[in-house]
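Fold and geometry: a report
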Amino acid sequence: MDRESVGLISSLRPDFGADSNLYVDYVPYRLLSAVFENLRFCVNAYWCGQPLAELAAQILAYRQMMLKLYLPTSEKYCLILWETTLLLLGNPDKIKLSIEEISDQDPWISELLNSHDMTRIFYFYLHRATVRFLLGQITLAKADARQSRQYVAGGVATVCEAGFYFYDSLVALATIPESPTELESQLKTVEENQASLKLWAGYAPMNYLHKWQLVEAEKYRVFGKRLEAIEMYDQAIAGAKENEYIQEEAVANELAAKFYLDWGKEKVAAGYMQAAYYCYARWGAKAKTDDLENRYASLLRPILQPAAQDPTLLDTLAAITDSNLSIQASRQNSGFSGDAINTVLDFAAIFKASQNLSSTIQLDELLHQLTQIIMQYSGGDRCALILPNENDIWCVEAVATSEKKADLCSVPLEDNANLPVKLIQYVKNTQEVMVIDNLNTDLPIIDAYLRQQQPKSLLCFPLLNQGKLFGILYLENRSTRNLFTRDLILILNFLCTQAAISLKNARLYLLEQEKARQLRLSESRLKQLFEKAADAIILLGDQGLLDCNQAAIDLFRCPNKLQLYSIHLAQISPELQPDGQRSIDKANTLIKEALQTGSHRFEWVHQRLDGENFWAEVMLTAIPYQEETVLHSLIRDISDRKQAEEQIRRYTAQLEASNRELEAFSYSVSHDLRAPLRAIDGFSKVLLDDYGETFNEVAKDYFNRIRKNAVQMGKLIDDLLSLSRVSRAEIRYTTINLSNLAQELKKELQSSEPERQVEWVIAPEAVVSADATLMRIVLTNLLHNAWKFTRRHSTARIEFGILHQEGRPIYFVRDDGAGFDMAYSKKLFGVFQRLHNAHEFSGVGIGLATVQRAILRHGGSIWAEGSVEQGATFYFTIPNIHNANQ
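Residues numbered from 1 in each chain as written. Predicted model: local features only at pLDDT ≥ 70, side-chain atom pairs only at ≥ 80, totals over all residues. Heavy atoms only, no water.

**Section: the packing of aromatic side chains**
Rule in force here: Put simply, two rings from Phe, Tyr or Trp (the six-membered ring, in Trp's case) pair if the centres are within 6.5 Å, and we call them stacked under 30 degrees between planes, edge-to-face over 60, tilted for the rest. Put simply, DSSP H or I for four residues or longer makes a helix, DSSP E for two residues or longer makes a strand, and each gets a number counted from the N terminus. The buried label applies to any residue whose accessible area, calculated with a 1.4 Å probe on protein chains only, is under 20% of its type's maximum; exposed applies above 50%, and partly exposed to all values in between.
The final tally for this structure, using the stated rule, is 24 aromatic pairs. Considering the side-chain rings of Y165 and W200, the 5.9 Å spacing of their centres and the 35° angle between planes classify their relative orientation as tilted. One end of the pair, Y165, is in helix 9 (residues 159-174); the other, W200, is in helix 10 (residues 180-203), with 35 residues separating them in the sequence. Accessibility expressed as a relative area gives 12% for Y165, which makes it buried. Its relative accessible area of 22% is what places W200 among the partly exposed residues. Seen in terms of ring centroids, W863 and Y875 are 5.6 Å apart; in terms of plane orientation they differ by 20°. Their pairing is stacked. In this pair, W863 is assigned in strand 18 (residues 862-867) and Y875 in strand 19 (residues 871-876), connecting sequence segments 12 residues apart.

Here you go:
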């Protein structure tokens, strides 16, 4: 920790008597360090020329914090700085200030001197000396400077040490003593001070060089060296301005003005004095500007009495902006004029700021610049910019304070706890400028935010462009009243008018940027799609090939794109197409058709550069582009598809031949096999009829068996023919009510054996879209099987029903008959596969195979579940082709 820290922290220790350890428990060391950092910040901010109004509010806040922490000594440090800033501000609230006391017998000063706190005593006398010097109280300032020197050890290695050397020299040179001895002593002191400043200027010229130069200028003045003095004054002014020491720029201008005034050059003095006035005004030192107005009114007349002269720049601003501002002000004085300190501004800087706003096109940069300029010229300590977004939702886009630059955001204004929403909404609806001091207003706009923050001055300003509300500016100052005058509002109106135009341009620029970005993305996507497309793409113009993608290069087996560009289109097609037409003639016809209709799809035989021909599907699309029409040619290699089609064609031909052979076989079976069977059956019957009496029982049994097998053979032939027809027949879809069909089959079966006791359950309205003949075969076989396999039971139950699974219907036929062993379920639908022998149940084992073939022809599926003597269930699905087509 540096020397200043150690000295101050030890001086901040409260008096706890002998038990000093209580202090360690009372305030944590880290908190104490933070308090010191706040103090050092305030000291440095004052000597760096921070605006006094902002600084006063910060110091007051730190002082109140120290009082809450019961740190009375540190609070007194803050008090010195706070009273110094208030005194320079003109003490607007007329508070009794200890720093104004002349006598050291004042209780506060007596306590200070008795505290033996060298640092605090040094701070007090130094700051009072600077204020007295600035206000022209040179004799009093000299007395304070002498006191400060006695305690300068308390400020060693701090910013105040340099401040002391600087002002001690200026105070010493302000008057020339008559006594040569006293003059020599004063000059010796000045030289000692200058030695320290010059040493530090070598290490940090931005902080100390202009101070040294100004003291040198004053020395040259005392010795009558005018040329040297002029050079040093100007260097000091330039250095202070460049490094933003506003208060020291003001002092340098003021001393230069006095120098020229003593020389008799009043016009030159007026320029320097007016510059000093502007600097003091921007610093916020009203007490000093009042002092200058009283003592140098003639030099300041051009800026203090603008009405008596030609039209001023304020008039110019009023002429080029909307001067018909509707201003609602809370002040009793209807004139609402304010003090000169608020209206005397650097108009050149204002116009420069306006130019900066007008030339800025980036939205974020514009928001930064606008809030920074507004904060600089308005004197506010908090600023917010509210704008509508593209959806016309009003959002807080930027917030700036005296402590940091603009914080860009995009937060909806509605229900925003960090701004006076009611006030902003009022200005949005009325488009009136609202100026309120001390929250003194009868309008219903005071909300929780204003009650909590209690700003002394606030301004809410509509941003208008051509009569249209473009945004809202909110400004506040929490420590100074009567800040926002009519003239200041006129200046802000001028700046905000320029800002409104720039905001509009920035929004348009942002929109155009977004459009350009989207266009670049679109072009990039199109380029990627073009280059990465699996199909070949060729762009054709009036002069031939314009462009192609990598797939086209690969398709035609070309080394690179440039070589493909150089090839004539006729070189990528054989001379003749498969239909015998010349490729060039047929291509011209197809291109002409594509140009007339807009697009055309066809198949084409192309030729690769190595001579290999291949089939391609070509899609030509005519695209108007500038002064010509571009043909977008999409080429897809379909050689594999053509080969597959040829193979399918061969397979189809073979299948058709097989079908013809099968039909011939079926005809042969139907006619050629039936004739011998009929002969066998017929002659066996004749033999039994004519010679049956001569046959013994064994012979008769043989002949009966022959006849029975002949009938069975005929039935087998019928079933095989039926299976064949199911496999070959053309399907004709129609709407079929399976429930009605099941009812018909039930009646047929029941009438064939009326004595049987069978319970029938048939689901109603089972409607499908299918082939009527094939569905009759399906239900006939399934219901006949159920009837057959329940014959041995005295009572039976047969059911035709519907299940719904995952949104699709499943039809079933269930019985409680003989059933089957699930281990053999895979054999159910095979041809000639039987799970029961012929002695138990008749049949040839083709019926279920026929059912499966019919279901598969419809694209459905069939399966079965069963258990021996527990019955069987056959499930099948029929896709609803009719609904699917719809």
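Moving on, there is more to tell.
**A few points about the side chain of E799**
Cut-off, in case you're wondering: Pairs of N or O atoms are called polar contacts if they sit within 3.5 Å, as long as, within protein, a hydrogen donor faces a hydrogen acceptor (for residues adjacent in sequence, only side-chain-to-side-chain pairs). Note on contacts: a residue pair is in contact if any heavy atoms of the two residues lie within 4.5 Å.
Mapped onto the secondary structure, E799 falls in strand 16 (residues 795-805). Here the side chain of E799 touches R797 through a polar contact of 3.0 Å, side chain to side chain. Among residues more than four places away in sequence, those in contact with E799 are V761, F812, V813 and R814.

**Remarks on the sheet that holds strand 18**
Condition: Pairing between strands requires that DSSP locate at least two bridges from one strand to the other. Angles run from 0 to 180 degrees between N-to-C directions of axes, and those axes are lines fitted to C-alpha atoms, restricted for helices to the stretch in contact.
Overall, mixed pairing links the five strands, which are arranged 14-16-17-19-18 in an open sheet. Both outer strands of the open sheet, strand 14 (757-762) and strand 18, are each paired with one neighbouring strand and no more. On average, adjacent strands in this sheet sit at an angle of 15° to one another, irrespective of strand direction. In this sheet, strand 17 (residues 808-815) lies alongside strand 16 in antiparallel orientation, the contact comprising eight bridges. Among the inter-strand pairings, H804 is bridged to a residue of strand 17, identified as P809.

**Quick word on the side chain of Q50**
Here Q50 is to be found in the loop between helix 3 (29-47) and helix 4 (52-68). A distance of 2.7 Å separates a polar atom in the side chain of Q50 from a polar atom in the side chain of Q58. Beyond its immediate chain neighbours, meaning those up to four positions away, Q50 contacts F41, A45, L55, Q58 and W283.

**Examining helix 26 (residues 583-597)**
What counts, and what does not: The span you would expect from a helix comes to 1.5 Å times its residue count less one. Each C-beta atom gives one direction from the helix axis, and the arc is the one those directions make.
In this model helix 26 runs 21 Å from its N-terminal to its C-terminal C-alpha over 15 residues, within 8% of the 21 Å that 1.5 Å per residue would give. Residues of helix 26 that are buried include every one of S583, K586, L590 and A594, and no others. Seen end-on, helix 26 carries its buried residues on one side only, within an arc spanning 75°. Away from its buried face by more than 90 degrees, helix 26 exposes T589, K592 and Q596. At its buried positions, helix 26 is contacted by strand 10 (599-607), strand 11 (613-625) and strand 12 (628-637). Directly after helix 26, the chain includes G598, whose backbone phi takes a positive value near 100°.

Bear in mind that shape data such as this cannot, by itself, settle questions of function.
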